[in-house]
Amino acid sequence: KETGMKNIFPSYKLTLVREKDNQYEVDNVINNPKDIEAIARNVLQIDKNAEEVVCILALNIKNKVEATFEVSRGTVNASLISPRDIFKRLLLLNVPKFITIHNHPSGNTEASYNDIQLCKCLNECGVIMNIKQVDFCIIGKDINSFKENGLY
């Protein structure tokens, strides 16, 4: 064994890259589920997606949308997602709040067991991370706002 041998570790830098700017015909301040739905229909591209897509709306302290992120793209009836996929994006933006949105290609906005469990898990993680989930919404023929419907 040689003496004076040094270990080499890589050094990294995290960088947030803006991909594009999106323009919507709605105010980008979230006040109610209809505001969420108007933005979500554009972000999720409801008419173009035959699979489930999960996105987040990153909000500032005044509920203004600072950014949107596609987090997962799945199959016709499921999308695999981990809380870490959401929180690493939110931490990079340094935002205090977010809304989780996803579509149900069938148009039926009834929450599945997995939807409810994911919402609960994100709420619990948000408490630990001090990043509040404002709402969890399913978009289809209409909107299912978990907050408005008392699902959390």
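These numbers were taken from a predicted model, which means no experiment stands behind them. (Residues numbered from 1 in each chain as written. Predicted model: local features only at pLDDT ≥ 70, side-chain atom pairs only at ≥ 80, totals over all residues. Heavy atoms only, no water.)

A.B. asks: Could you give an account of the overall build of the protein chain, naming the residues involved and the relevant values?
C.D. replies: When helices and strands are counted, the protein chain shows 3 helices and 5 strands. Reading the helices (α) and strands (β) of the protein chain from amino to carboxyl end gives α-β-β-α-β-α-β-β. Its C-alpha atoms put the protein chain at 70 × 30 × 30 Å along the principal axes. A total of 152 residues make up the protein chain; the buried ones form 41% of that total. A sequence separation of at least 24 residues applies to 65% of the contacts in the protein chain between residues at least 6 apart. Only carbon and sulfur atoms are counted for the fraction: they give 49% of the accessible area of the protein chain, which is about 10100 Å². Here the protein chain contributes 19 positive and 19 negative side-chain charges, whose respective centroids are spaced 8 Å apart. (Helix = DSSP H or I, 4+ residues; strand = E, 2+ residues; numbered from the N terminus. Buried < 20%, exposed > 50% of the residue type's maximum accessible area, 1.4 Å probe, protein only. Contact = heavy atoms within 4.5 Å. Areas by Shrake-Rupley, 256 points an atom, 1.4 Å probe, with all protein chains shown as cover. Lys, Arg positive; Asp, Glu negative; His and termini not counted. Charge placed at Lys NZ, Arg CZ, Asp CG, Glu CD.)

A.B. asks: Mind laying out the pattern of salt bridges, listing which residues take part and the relevant values?
C.D. replies: By the definition in use, this model includes 4 salt bridges. Note that Glu51 is salt-bridged to Arg73, the shortest N-O span being 2.5 Å. Taken as a pair, Glu51 in the loop between helix 1 (33-44) and strand 1 (53-59) and Arg73 in strand 2 (residues 65-73) lie far apart in primary sequence, 22 residues in all. Arg73 is the partner of Glu70 in a salt bridge, and the nearest nitrogen-oxygen pair spans 2.9 Å. (Salt bridge = Lys/Arg side-chain N within 4 Å of Asp/Glu carboxyl O.)

A.B. asks: Give a description of unusual backbone geometry that names residues and reports values.
C.D. replies: Located in the positive-phi region is Asn63, a residue other than glycine, with phi close to 65 degrees. With respect to the helices, strands and loops of the structure, Asn63 is situated in the loop between strand 1 and strand 2. Owing to a relative accessible area of 18%, Asn63 belongs among the buried residues under this scheme. Phi angles above zero are rare outside glycine, and Asn94 is one such case at about 60 degrees. Among the structural elements, Asn94 can be located in the loop between helix 2 (83-93) and strand 3 (97-103).

A.B. asks: Could you give an account of the nonpolar core, naming the residues involved and the relevant values?
C.D. replies: Among the nonpolar cores identified, the biggest contains 20 residues, and Ile56, Ile86, Phe87, Leu90, Phe98, Leu122 and Phe136 are the most heavily contacted of them. Mapped onto this core, the elements with two or more residues apiece are strand 1, strand 2, helix 2, helix 3 (113-129) and strand 4 (132-139). In contact with Phe87, other than residues within four places in its own chain, are Phe98, Leu122, Cys125, Gly126, Met129 and Ile131. One finds Leu44, Leu57, Ile101 and Cys137 within the second-largest nonpolar core, a separate group that totals 18 residues. (Core = buried A, V, L, I, M, F, W, Y, C linked by side-chain atoms within 4.5 Å.)

A.B. asks: Break down helix 1 for me, citing the residues and quoting the values.
C.D. replies: With 12 residues, helix 1 ought to run about 16 Å at 1.5 Å a step, and its terminal C-alpha atoms sit 15 Å apart, in line with that. Of the surrounding secondary structure, the elements contacted by the buried residues of helix 1 are strand 1, strand 2, strand 3, strand 4 and strand 5 (143-145). Among the residues trailing helix 1, Gln45 stands out with phi positive, at a value near 50 degrees. (Expected span 1.5 Å × (residues − 1).)

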